[in-house]
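The chain contents come next:
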Amino acid sequence: MSAAPLRATAARRVLDGFGNSLRSTSLSARPTNVEELAAVLQQAREEGLNVSFRGNGRSYGDASLNTNQLSIDNRGMTRVLSFDPATGIIDAEVGVTIEDLWRTGLPHGWWPYVVPGTMFPTMGGCTAMNIHGKNCFKAGPFGDHVLDLDLMLADGSIKTLSRTQEPDLFRAVIAGLGLLGAVTRVRLQMKKVESGRLKVRPIQTHSLEEMFDCFVERMPQSDYLVGWIDCFAGGASLGRGLVHQANYLSAKEDPEGRSLLALDAQGLPPSIMGIPRSMMWRFMKPLTNDAGMRFINTVKYHLPEPHDHEGVFYDGHVSFAFLLDFVPGWRNAYGDSGFIQYQLFLPDATARRAMREALELCQRRGVVSYLGVFKRHRPDEFLLSHGLDGWSLALDFAVPAGDPQKLWRATNDLTALVLEAGGTFYPAKDAVVSAEAFARAYGERLSRFLAIKRQLDPQTLFQSDLSRRLLLY
Ligand SMILES: Cc1cc2nc3c(=O)[nH]c(=O)nc-3n(C[C@H](O)[C@H](O)[C@H](O)COP(=O)(O)OP(=O)(O)OC[C@H]3O[C@@H](n4cnc5c(N)ncnc54)[C@H](O)[C@@H]3O)c2cc1C
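Residues numbered from 1 in each chain as written. Predicted model: local features only at pLDDT ≥ 70, side-chain atom pairs only at ≥ 80, totals over all residues. Heavy atoms only, no water.

Asker: Outline the packing of helix 11 (residues 348-365) against helix 12 (residues 404-420), supporting the account with residue identities and numerical values.
Answerer: Close contact between helix 11 and helix 12 brings their axes to 10 Å; oriented N to C, the two are set at 165°. Classed by the angle they form, the pair helix 11 and helix 12 counts as roughly antiparallel. Here helix 11 runs over helix 12; the crossing is right-handed. The segment helix 11 lies against helix 12, with Arg353, Ala354, Glu357, Ala358, Leu361, Cys362 and Arg365 engaging Lys406, Arg409, Ala410, Asp413, Leu414, Leu417 and Glu420. Grouping the amino acids of the contact of helix 11 with helix 12 by side-chain chemistry returns seven nonpolar, no polar and seven charged. (Axes fitted to C-alpha atoms, helices over the stretch in contact; angles between N-to-C directions. Helix = DSSP H or I, 4+ residues; strand = E, 2+ residues; numbered from the N terminus. Parallel < 35°, antiparallel > 145°, perpendicular 65-115°, else oblique. Left-handed = near helix turned anticlockwise from the far one by under 90°. Contact = heavy atoms within 4.5 Å. Nonpolar A, V, L, I, M, F, W, Y, C, P; charged D, E, K, R; others polar.)

Shown next, in the form of structure tokens:
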């Protein structure tokens, strides 16, 4: 089967990174099954187009962009192929989203082991980036729960990969940035849950040191731990913030929790303080500047969260996991120049010092992140994974319309700091790291990845703006 000429007939779409600071036009195809996908690849080869993949465009930078070339959209392949309520194993086409996973599993008591801070990423995007959640220190990344997957190679043939079937390739495709072929199907193990809600303990931490200490103390008895940092606070309060510890509840602990597994007991509220969620970002926009965000961060730090006499509250899985989805379109509040996310990944041995230096550096340069998110990670088996025995700090920086160079100079210095501390970078969040810095961070693992790439895809059919920036060929 051959597709119509792509240059003449494919839709031209302006695609963006989630940060809205990068945009470009691509030809776009949305195959609805593997036969159509193979035909599109063949046609691309015949026309000399290179190919990248796109899920829901939730990567912040250029990972899902392919300027003037072909972008293949996962959202034509959205079927759940099977789900077993007895085992929690789900087999899904690549356009199935995290939202589809929990909607399928939760009524039967199954929740995805690993979810990001938004429910819209697809199986393809989660696999290619090997995403992590607020439980990475305990559950590991997404790839740890993948049982097997199908990969379509440049010639249109399909391989099924798992820990026993071509395990080296399995470990290279997960976190492989979509550069080895098209993931078309993923089979995943979900996690048994007995209640539709979590027990959440908010903890105020007065400094960065305290936040690290709080994690170290609480990790053994937590299912989820995530820190929020007020990046404006300085001096003795540098790195102050809030930690949220969350734990699953057994049927015995929470007999009413079973009824909350129902879909209509989950979901996000339609309005916040009487304002429809879809309108919220318009109210945020006038505050999305240094003065407004300094104010919001201060209020958030001081505002007590409602809790019971034991210092806890109960929150549904969906509202705990997908806080950022509460405000659809929130990225628009950053205006036309958008924002970037820069997530520092630092080894345990150097993280405390390097993170403190990073926060100080940003304040000195007048480039302060409006949102700081702190997590603990663990190493994993995937070749190009960002996972490490260490910590991360995700920083959201507005791109200054008048003087973007100020931001690029600061992120260059953050990159130098990460390298000096022996840390690494996460392509899902990156728009600025150089090929040289990426190669230094990934070292010999990158050489092994590129050897597989050259063997499987000698014509370099699979590319993206990110792969060209980082010289991944
Ligand atoms: C609000 C928000 C919160 C987030 N929170 C987290 C978080 O907590 N943890 C985390 O790890 N990430 C987080 N992310 C990042 C997000 O999870 C990843 O960027 C994810 O990859 C997005 O999935 P997507 O389907 O939108 O893929 P896209 O962003 O469209 O693409 C991502 C990559 O996947 C590749 N890809 C897509 N489909 C295929 C395919 N079929 N075959 C091969 N490769 C493919 C693309 O080529 C690209 O390289 C967050 C993002 C947002 C916007």
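Asker: Describe helix 9 (residues 290-302), and please don't skip the residues or the numbers.
Answerer: Helix length check: helix 9, at 13 residues, gives a terminal C-alpha distance of 18 Å against a target of 18 Å (1.5 Å per residue), a fit within 8%. By the burial criterion, the buried members of helix 9 are Gly292, Met293, Asn297 and Tyr301. An end-on view of helix 9 places all buried positions within 165° of arc, on one side of the element. Counted as exposed and oriented over 90 degrees from the buried face of helix 9: Ala291, Phe295 and His302. If you follow the buried residues of helix 9, they end up packed against strand 11 (197-205), strand 12 (224-229) and strand 13 (241-247). (Expected span 1.5 Å × (residues − 1). Buried < 20%, exposed > 50% of the residue type's maximum accessible area, 1.4 Å probe, protein only. Arc of directions from axis to C-beta.)

Asker: Please give an account of unusual backbone geometry that cites residues and values.
Answerer: Outside of glycine, negative phi angles account for most residues, and trans bonds account for most peptide bonds. Located in the positive-phi region is Ala175, a residue other than glycine, with phi close to 75°. Within the secondary structure, Ala175 sits in the loop between helix 6 (167-173) and strand 10 (182-192). Judged by relative accessible area, Ala175 falls into the buried class, the value being 2%. The residue Thr460 is not glycine, and still its phi comes out positive at about 55°. Tracing the backbone through its elements, the reader meets Thr460 in the loop between helix 13 (435-456) and helix 14 (465-469).

Asker: Give a detailed account of the site of the ligand, specifying residues and quantitative values.
Answerer: Around the ligand, the surrounding shell holds 35 residues, and the nearest of these are Gly55, Ser59, Thr122, His132 and Tyr426. For the ligand, an oxygen atom lies 2.7 Å from a polar atom in the backbone of Gly55. Contacts to the ligand include Tyr426, whose side-chain N or O atom sits 2.7 Å from an oxygen atom. Within the complex, 97% of the 980 Å² of free accessible area of the ligand lies under protein. Looking at the shell around the ligand, the element that brings in the most residues is helix 4 (residues 123-129), giving four residues. Residues belonging to the shell around the ligand are distributed by class as follows: 17 nonpolar, 14 polar and four charged. (Near = heavy atom within 4 Å. Polar contact = N/O pair within 3.5 Å; in protein donor to acceptor, adjacent residues only side chain to side chain. Areas by Shrake-Rupley, 256 points an atom, 1.4 Å probe, with all protein chains shown as cover.)

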